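Examination of the molecular architecture
Here is how the chains run, residue by residue.
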Amino acid sequence: MNTVTPPEYLPENSGDTARLTRHFRAERFDFGSFFFSGLTGLATLLILGILATILLNIIVNGWSAISWHFVSTIPKKDFFDANTTGVLPMIVGTSFRVIMMTIFVIPVGVITAIYLTEYAANTSIITRIIRAAVNNLAGVPSIVFGLFGLGFFINFVGKNLDTVLHNTSAVWGQPALIWASLTLAVMTLPVVIVATEESLKAIPPGLREASLALGATKLETILKIVLPQALPGIMTGGILAVSRAAGEVAPILFTGVAYYMASLPAHLSDQFMDLGYHIFVLSTQSPNIEQTRPILYATVLTLLLLTFALNIVAIIIRSKIRRKMRSLH
Amino acid sequence: MAEISIPRVAVTQAQAGAASAQSLIEIESLSLFYGATKALKNISVTLGERVVTAFIGPSGCGKSTLLRCLNRMNDLIDNVRIEGSCKIGGHDIYSPDVDVIELRKRVGMVFQKSNPFPKSIYENVAYGLRLHGVKAKSDLDTAVEKSLRQSALWDEVKDRLHTSALGLSGGQQQRLCIARAIAIRPEIILMDEPASALDPIATARIEELILELKKDFTIVIVTHNMQQAARISDYTAFFYIGELIEFDTTGKIFTNPSKKQTEDYVTGRFG
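Residues numbered from 1 in each chain as written. Chains lettered and ligands numbered in written order. Predicted model: local features only at pLDDT ≥ 70, side-chain atom pairs only at ≥ 80, totals over all residues.

**Overview of the overall build of chain A**
Applicable threshold: To qualify as a helix, a DSSP run of H or I must reach at least 4 residues; to qualify as a strand, a run of E must reach at least 2; elements of each kind are numbered from the N terminus. Computation of the radius of gyration draws on C-alpha atoms alone. For the globule rule, the value is 2.2 Å times the number of residues to the power 0.38. Exposed residues have 12 or fewer other C-beta atoms within 10 Å of their own C-beta, buried residues have 20 or more, and residues in between are partly exposed; the C-beta atoms are placed from the backbone. A pair of residues counts as a contact when their C-beta atoms, built from backbone coordinates, are within 7 Å of each other.
Looking only at helices and strands, one finds 12 helices and zero strands in chain A. Going residue by residue from the N terminus, the α and β elements of chain A occur as α-α-α-α-α-α-α-α-α-α-α-α. Here the C-alpha radius of gyration of chain A, 29 Å, is well above what a compact globule of 329 residues would show, namely 20 Å. Its C-alpha atoms give chain A principal-axis dimensions of roughly 105 × 65 × 45 Å. Looking at chain A as a whole, 34% of its 329 residues are labelled buried. Sequence separation of 24 or more characterises 76% of the internal contacts of chain A that already satisfy a separation of 6 or more.

This is how it looks when you write it as structure tokens:
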């Protein structure tokens, strides 16, 4: 064993060495630190607790009521009867409106983001106005989007379309799948724009320069170098938009959802039934609350599973793209 | 060290090349402004064909800015204004009828930080060719192989042409960027400190490559490394705070410069 001799300027066993050693020992109880770590821990637990309560409640109560028959049946007029009801039209309606929304929102959002990051001068007034508009759009309550959809898409676009096409009765000038999807697309536009912008900004400027220096035009550079790189980020925007839209009811309330339909929607101008809205109907319109409760739980569970499934599909596609980008061919 | 064996040979080559150079790039009283700041002050210089010209000078002296004038990469920056003229092969590249795409096809560029595309090695080299309309697979194959051979990378990558370029080492990536630049057969290659991020061995390989490429291309290189300029260039231009202080054969600049500032810089007294 080596003995460490204290340096000469510290006399052996002097009070100085003792004081130095003592200095590193925790003497005071650090109340502030204890309190704050406890607080953050509690906050985390609270969130986990809330999520677990919601999920467990729905899964435990919904699992016994959900069945193949339930998810594959088109209900008769009385959908409050647990034995004969089903949610097939609602699953179809919700899926359709979410998928159609994605088809509308991705191109518009991506093109807007490309304009903002690649073309617009950052300091110009127009760019600042567009950015402010995007941010404010994200803050508009969803019921307002519903009213906008009714006023703009149905009463303005739809009605005029009917006039132009010489329809004798309202075909487009009424609530429909297409108007509900478009309203949702307007609502989720900021999500897609912001996610795409972030992924475009993350691409090293050196790649753009390299492409331009080889004589590529700006458009060629965007299409061949920038966009393929940004694809996973754009997908993330799509996933967020799908998650947000799947559960929204307010924007479709005036623009396309139906209380009851005897058949599945077959046309863009058809109305549709929707899982979220059906949950509202079941919990407010039932003549017998006790009898309806299991159906309600099963419907909620179906909506959760559907949202989950739509997300999983998008995540799988994104990871496939990522893997392809990494391995190349 | 691999580096040390090169310089003497290089300097003699440089002096040999210097005598027979024909002018290709003529810059006349060129000034460049970033907003109100004058970054290049009234530069006039004529650069020769199929020689290596080095731009040296302390950071911020404008050497990279001047380099980027030659393929109009400064166009991409807002608030840049250019006065004077810059002719390549007798044609003013800033005149309104110039097609920038065509210019950049003739004036290639290699950047300080190697920037291969996140594509395969093959696709990196083929990118410029595809842009300019080469479609047939056999043509692409031939051109890709030729460029990779010319950039001394072929033997290292021929068995993995279709794997990601990002898997290459730093030095290999930079040689791939050179291969990508020469694939479209430019007349001039601009190099902006191409070896500054590389280790001495990778640097030596790039320098050998530059001496090799000189036979077919006109090369303008910006470098911070004085020995590098001495080893590979035929002519050297010394810049200081936006001004061209001295331009002469590399041998003269490094052994007998006519300006005091040049002498101070090349002997390491400031910079």
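More follows now that the structure is in view.
**Brief notes about the sheet that holds strand S10 (residues 243-249) of chain B**
All names here are of chain B. As a reminder of what qualifies: One bridge is not enough; two strands pair if DSSP finds at least two bridges between them. For every element, the axis is a line fit to its C-alpha atoms; helices are fit only across the contacting stretch, and the angle between N-to-C directions ranges from 0 to 180 degrees.
Strand order in the open sheet formed by six strands is S6-S7-S8-S3-S9-S10, with mixed pairing between adjacent strands. The sheet is open, and its two borders are formed by strand S6 (107-110) and S10, each paired with just one other strand. Ignoring which end each strand starts from, the neighbouring axes of this sheet average 15 degrees apart. Two strands pair when backbone bridges link them, and S6 and strand S7 (residues 188-192) are joined in this way by four bridges, in the parallel orientation. Along S7, the bridge assignment pairs methionine 109 with leucine 190.

**Some thoughts on the environment of threonine 117 of chain A**
Residue and element names in this part refer to chain A. Within the secondary structure layout, threonine 117 lies in helix H4 (residues 88-119). Measuring from C-alpha to C-alpha, the distance between threonine 117 and glutamine 285 comes to 49 Å, with 168 residues separating the pair along the chain. The residues touching threonine 117, leaving out its near neighbours within four places in the chain, are Glu197, Leu200 and Lys201.

**Remarks on the interface of chain B and chain A**
Worth spelling out the cut-off: Residues are grouped as follows: Ala, Val, Leu, Ile, Met, Phe, Trp, Tyr, Cys and Pro are nonpolar; Asp, Glu, Lys and Arg are charged; all remaining types, including Gly, are polar.
Chain B puts 25 residues into the contact, and the matching count from chain A is 18 residues. Those elements that place two or more of their residues in the side of chain B that touches chain A are helix H3 (100-106), S6 and helix H4 (121-131) of chain B. Here the residues of the side of chain B that touches chain A are counted per class, giving 10 nonpolar, nine polar and six charged.

**Here we look at the confidence of the model for chain A**
The condition that has to hold: pLDDT gives the predictor's per-residue confidence on a scale running from 0 to 100.
When pLDDT is averaged along chain A, the result is 89, and 91% of the positions lie at 70 or above. Looking at the elements of chain A, mean pLDDT is at its lowest for helix H1 (residues 15-23) of chain A, recorded as 57, and at its highest for helix H7 (residues 177-201) of chain A, recorded as 96.

**A word on the nonpolar core**
Heads up, the rule is: In this description, a nonpolar core means buried residues of the types Ala, Val, Leu, Ile, Met, Phe, Trp, Tyr and Cys, linked to one another by C-beta atoms lying within 7 Å.
Formed by 142 residues in total, the largest nonpolar core has its most connected members in Phe55, Leu70, Ile189, Leu190, Ile219 and Val220 of chain B. Looking at this core, the element that brings in the most residues is H7 of chain A, giving 14 residues. Apart from residues no more than four positions distant in its own chain, leucine 190 of chain B is found in contact with Leu67, Leu70, Asn71, Val107, Gly108, Met109 and Val220 of chain B.

**Let's talk about the pairing of strand S9 (residues 235-240) of chain B**
All names here are of chain B. Counting buried positions along S9 gives six out of six residues, so the element sits mostly inside the fold. Both faces of S9 are covered, namely the face carrying Tyr235, Ala237 and Phe239 and the face carrying Thr236, Phe238 and Tyr240. Direction of pairing for strand S3 (residues 52-56) relative to S9: parallel, over a ladder of four bridges. If you follow alanine 54 over to S9, its bridge partner there is threonine 236. Two strands pair when backbone bridges link them, and S9 and S10 are joined in this way by six bridges, in the antiparallel orientation. Each residue of the ladder has a partner; that of phenylalanine 238, found in S10, is glutamate 246. Here S9 folds back onto S10, and the loop between the two strands holds two residues, one of which, isoleucine 241, carries a positive phi near 40 degrees.

**Side note on the packing of helix H7 (residues 170-183) of chain B against helix H8 (residues 200-213) of chain B**
All names here are of chain B. Convention followed: Orientation labels follow simple angle bins: below 35 degrees gives roughly parallel, above 145 gives roughly antiparallel, 65 to 115 gives roughly perpendicular, and whatever is left gives oblique. For any helix crossing, the convention is left-handed if the near helix is rotated counterclockwise from the far helix by under a right angle, and right-handed if that rotation is clockwise.
One way to put it is that H7 packs onto H8 with a least axis distance of 9 Å and a crossing angle of 20 degrees. Considering the angle they form, H7 stands roughly parallel to H8. Where H7 crosses over H8, the two elements pack in a sense that is right-handed. Contacts between H7 and H8 involve Gly170, Gly171, Gln174, Arg175 and Ile178 from the former and Ala202, Arg205, Ile206 and Leu209 from the latter. Tallied by class, the residues present in the contact of H7 with H8 amount to four nonpolar, three polar and two charged.

**Notes on helix H8 (residues 205-213) of chain A**
Those residues of H8 of chain A that fall on the buried side of the exposure criterion are Ala210, Ser211, Leu212 and Ala213 of chain A. Where H8 of chain A is buried, its residues contact helix H9 (218-246) of chain A together with H3 and S6 of chain B.

**A short note on the pairing of strand S2 (residues 37-48) of chain B**
Residue and element names in this part refer to chain B. Here eight bridges tie strand S1 (residues 23-34) to S2, and the two strands are oriented antiparallel to one another. Bridging across to S2, isoleucine 25 finds its partner in leucine 47. Counting the residues between successive antiparallel strands, the hairpin from S1 to S2 contains two residues, one of them, glycine 35, with a positive phi of roughly 60 degrees.

**Observations regarding the environment of serine 29 of chain B**
Checked against the element boundaries, serine 29 of chain B lands in strand S1. Linking serine 29 of chain B and isoleucine 43 of chain B, residues 14 residues apart in sequence, is a C-alpha distance of 4.8 Å.

**A closer look at the packing of H8 of chain A against H9 of chain A**
All names here are of chain A. Contact geometry of H8 with H9 gives a least axis separation of 10 Å together with a crossing angle of 140 degrees. By the angle between their axes, H8 is oblique relative to H9. In this structure, the crossing between H8 and H9 has a hand that is right-handed. The residues of H9 that touch H8, namely those facing Leu207, Arg208, Ser211 and Leu212, are Thr221, Ile225 and Val226.

**A word on unusual backbone geometry**
The backbone phi angle of histidine 166 of chain A is positive, close to 55 degrees, even though this residue is not glycine. As for its placement among the helices and strands, histidine 166 of chain A is situated in the loop between helix H6 (142-164) and H7. Owing to 6 C-beta atoms within 10 Å, histidine 166 of chain A belongs among the exposed residues under this scheme. Unusually for a residue other than glycine, asparagine 79 of chain B sits at a positive phi of about 65 degrees. Considering the arrangement of structural elements, one finds asparagine 79 of chain B in the loop between helix H2 (63-69) and strand S4 (80-88).

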